[in-house]
Amino acid sequence: MTPIGFLGLGIMGTAMARNLLKGGFPVTVWNRTPERCDALVALGATRGESPRAVAAACTTTCAMVSDPAAARALVWGEDGVLPALVPGKSYVDFSTVDPDTAGEIAAAVTSQGARFLEVPVSGSKKPAEDGTLVLLAGGDRSLFDDLAPALSRLGQKALFLGPAGRGAAMKLVVNMIMGEMMVALGEGLALADRAGLAAGDLLEVLDAGAVANPMFRLKGPKVAAGDFGVAFPLKHAQKDLRLALALGDRLAQPLAGAAAANEAFKAARAQGLGELDFSAVCRAVAPTPRG
Ligand code: NAP
């Protein structure tokens, strides 16, 4: 099978690279903090020395890192992949970035004669582990088609949305809605508490009605129990709101709800909750002492 490189072994990258290995693909891994490669090397992955060395060794190289700065560093930074992306090679970026970053990486990669696909993903740690992510692709259609066997190991659904940047835009819209929903849940729990209502009763009512959704069903009881074990880091959720607001700014689209939600996420980061799960934003809007 085609050798696949994988750069960035955080929560998502580790699970995704493991699924490619399980699918029988030879995988070469690299991570900025090298120890995070150890578990995958123990499962049979090859250790890469740098992003460039991985791209030189593999036909297709994938990336899954934090944010636009990290995605750009992998391409243009020291030992970045760009010089190794010669004709015949492909680069696939799963990171959640803004459409401009996706477009600039696409232009740089294709100007080298290589192919590029952005594939931000919808779904968190568990879907990444289960291979049931929703894949939001943009860029080179032929690469999307050629990668179908690998993508099918990672996701239950793959959409091709058009030129590079469309996947990023779709991902930001989805996470903007998700961030607003989580703040709404936090405020609802806070008001319910202040009104003397039990959290479990509120969650039961929500789940029985038209606003029932898998996220409230999964996260609601954990939030009520104060369990903020990380699946999607809050600092990344705030990054996505920030990028969605910047997109709205550029397109002159008013986003009053998202702007308010972003302030709640910023407050949570200021309270030191950035490394916890994004549901910890509910703690930032939790009941304040009664005056
Ligand atoms: P994470 O656990 O925080 O991992 C981040 C990864 O990025 C790590 O491998 C980190 O390396 C690497 N990184 C950060 N800055 C870098 C730099 N300057 N150069 C090279 N590598 C760098 O994050 P995650 O949850 O896996 O998320 C990864 C991406 O997927 C993000 O864009 C996030 O928004 C998106 N996403 C996450 C979820 C989720 O539920 N977790 C769901 C959908 C999409 P080190 O190990 O050295 O720090």
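Above this text you will find the structure in question.
All values reported here derive from a predicted model rather than from experimental measurement. Numbers given for residues are sequential positions, taken from 1 along each chain in its written order. Predicted model: local features are reported for residues with pLDDT of at least 70 only, side-chain atom pairs are reported and counted for 80 or more only, and whole-chain, interface and lining totals are derived from all residues. Heavy atoms from the whole structure form the basis of all side-chain values; hydrogens and water molecules are not counted.

Asker: Any chance you could explain the packing of helix α4 (residues 68-76) against helix α5 (residues 99-111) here in plain terms?
Answerer: Two quantities define a packed helix pair, namely the angle between the helix axes and the distance between the axes. Direction vectors running N to C along α4 and α5 enclose 10°, while the axes themselves pass 10 Å from each other. By the angle between their directions, the pair α4 and α5 is classed as roughly parallel. Of the residues in α5, those touching α4 at Pro 68, Ala 71, Arg 72, Val 75 and Trp 76 are Asp 100, Thr 101, Glu 104, Ile 105 and Ala 108. Here the residues of the contact of α4 with α5 sort into six nonpolar, one polar and three charged. For every element, the axis is a line fit to its C-alpha atoms; helices are fit only across the contacting stretch, and the angle between N-to-C directions ranges from 0 to 180 degrees. Secondary structure elements follow DSSP: runs of H or I of four or more residues count as helices, runs of E of two or more count as strands, with numbering from the N terminus. We call two directions roughly parallel when the angle between them is under 35 degrees, roughly antiparallel when it is over 145, roughly perpendicular when it lies between 65 and 115, and oblique otherwise. Between two residues, a contact is recorded if the distance between any of their heavy atoms is within 4.5 Å. In this classification, Asp, Glu, Lys and Arg are treated as charged, Ala, Val, Leu, Ile, Met, Phe, Trp, Tyr, Cys and Pro as nonpolar, and every other residue, Gly included, as polar.

Asker: Explain unusual backbone geometry to me, please; I cannot follow it from the model alone.
Answerer: Leaving glycine out, the prevailing phi sign among residues is negative, and the prevailing peptide bond configuration is trans. With a phi angle near 60°, Asp 79 is a residue other than glycine that sits in the positive phi range. Counting through the fold element by element, Asp 79 comes out in the loop between α4 and β5 (90-93). With a phi angle near 55°, Ala 252 is a residue other than glycine that sits in the positive phi range. Secondary-structure assignment places Ala 252 in the loop between α12 (234-250) and α13 (256-270).

Asker: Would you mind showing me how to read the state of the cysteines here?
Answerer: What is meant by a disulfide is a covalent connection between two cysteines, made through their sulfur atoms. Criterion for a disulfide: a pair of cysteine sulfur atoms at a distance within 2.5 Å. Taken as a whole, this structure holds zero disulfides when the rule is applied. For the unlinked cysteine Cys 58, the closest cysteine sulfur is that of Cys 62, found at 9.0 Å.

Asker: What is the right way to read the packing of aromatic side chains from this model?
Answerer: Pairing of aromatic side chains requires ring centres within 6.5 Å, counting the rings of Phe and Tyr and the six-membered ring of Trp. Pairs whose planes differ by under 30 degrees are stacked, by over 60 edge-to-face, and all others tilted. Applying the stated criterion to the full structure yields four aromatic pairs. With 6.2 Å between their ring centres and 10° between their planes, Phe 6 and Phe 94 make a pair best called stacked. One end of the pair, Phe 6, is in strand β1 (residues 4-7); the other, Phe 94, is in the loop between β5 and α5, with 88 residues separating them in the sequence. Phe 6 sits in the buried class, given a relative accessible area of 0%. Type-normalised accessible area, obtained with a 1.4 Å probe on protein chains alone, sets the label of each residue: buried when under 20%, exposed when over 50%, and partly exposed for intermediate values.

Asker: Looking at this structure, how should I read the side chain of Glu 118?
Answerer: As for its placement among the helices and strands, Glu 118 is situated in strand β6 (residues 115-118). His is not counted, nor are the chain ends; Lys and Arg add positive charge and Asp and Glu add negative charge. Here, a salt bridge means any Lys or Arg side-chain nitrogen found within 4 Å of an Asp or Glu carboxyl oxygen. Buried and unpaired, Glu 118 has Arg 166 as its nearest opposite-charge partner, separated by 7.9 Å. For the purposes of these results, a polar contact is taken to be a pair of N or O atoms within 3.5 Å, where, inside protein, one atom must be able to donate a hydrogen and its partner to accept one; residues adjacent in sequence count only when each atom of the pair is a side-chain atom. In this structure the side chain of Glu 118 is engaged in a polar contact, spanning 2.7 Å, whose partner is the backbone nitrogen of Gly 165. Here Ala 168 takes part through its backbone nitrogen, which lies 3.1 Å from a polar atom of the side chain of Glu 118. Among all residues touching Glu 118, those that are not within four sequence positions of it are Asp 93, Ala 102, Leu 136, Ala 137, Gly 138, Pro 163, Ala 164, Gly 165, Arg 166, Gly 167 and Ala 168.

Asker: Before we go on, may I ask you to explain the site of the ligand in this structure?
Answerer: Taken together, 24 residues surround the ligand, and among them Asn 31, Thr 33, Arg 36, Ser 66 and Ser 124 come closest. At 2.7 Å from an oxygen atom of the ligand is found a main-chain nitrogen or oxygen belonging to Ser 66. Lys 239 places a polar side-chain atom, nitrogen or oxygen, 2.8 Å from an oxygen atom of the ligand. Note on areas: Shrake-Rupley with a 1.4 Å probe; residue coverage comes only from the protein chains shown. For the ligand, the protein covers 90% of the area, taking 910 Å² as the surface of the free molecule. Counting residues per element, the ones that place at least two in the shell around the ligand are α1 (11-22) and α12. When grouped by side-chain class, the residues that make up the shell around the ligand number 10 nonpolar, nine polar and five charged. When at least one non-hydrogen atom of a residue lies within 4 Å of a molecule or strand, that residue is treated as near it.

Asker: Any chance you could explain the nonpolar core here in plain terms?
Answerer: As a rule of thumb, soluble globular proteins bury nonpolar side chains together. Membership of the largest hydrophobic core comes to 32 residues, with the highest contact counts inside it found for Phe 6, Met 16, Val 29 and Phe 94. Within the residue set of this core, elements represented by two or more residues are β1, α1, β2 (27-30), β8 (133-139), α7 (141-146) and α8 (148-154). For this core, the element with the most residues is α1, which contributes six residues. In this view, Met 16 contacts Phe 6, Met 64, Phe 94, Val 121, Ala 128, Leu 133 and Leu 154; residues no more than four positions away in its chain are not counted. In this structure, Met 176, Leu 189, Val 223 and Ala 264 belong to the second largest nonpolar core, which totals 29 residues. Joining through side-chain atoms within 4.5 Å is the link that ties buried Ala, Val, Leu, Ile, Met, Phe, Trp, Tyr and Cys residues into a set, and such a set is a nonpolar core.

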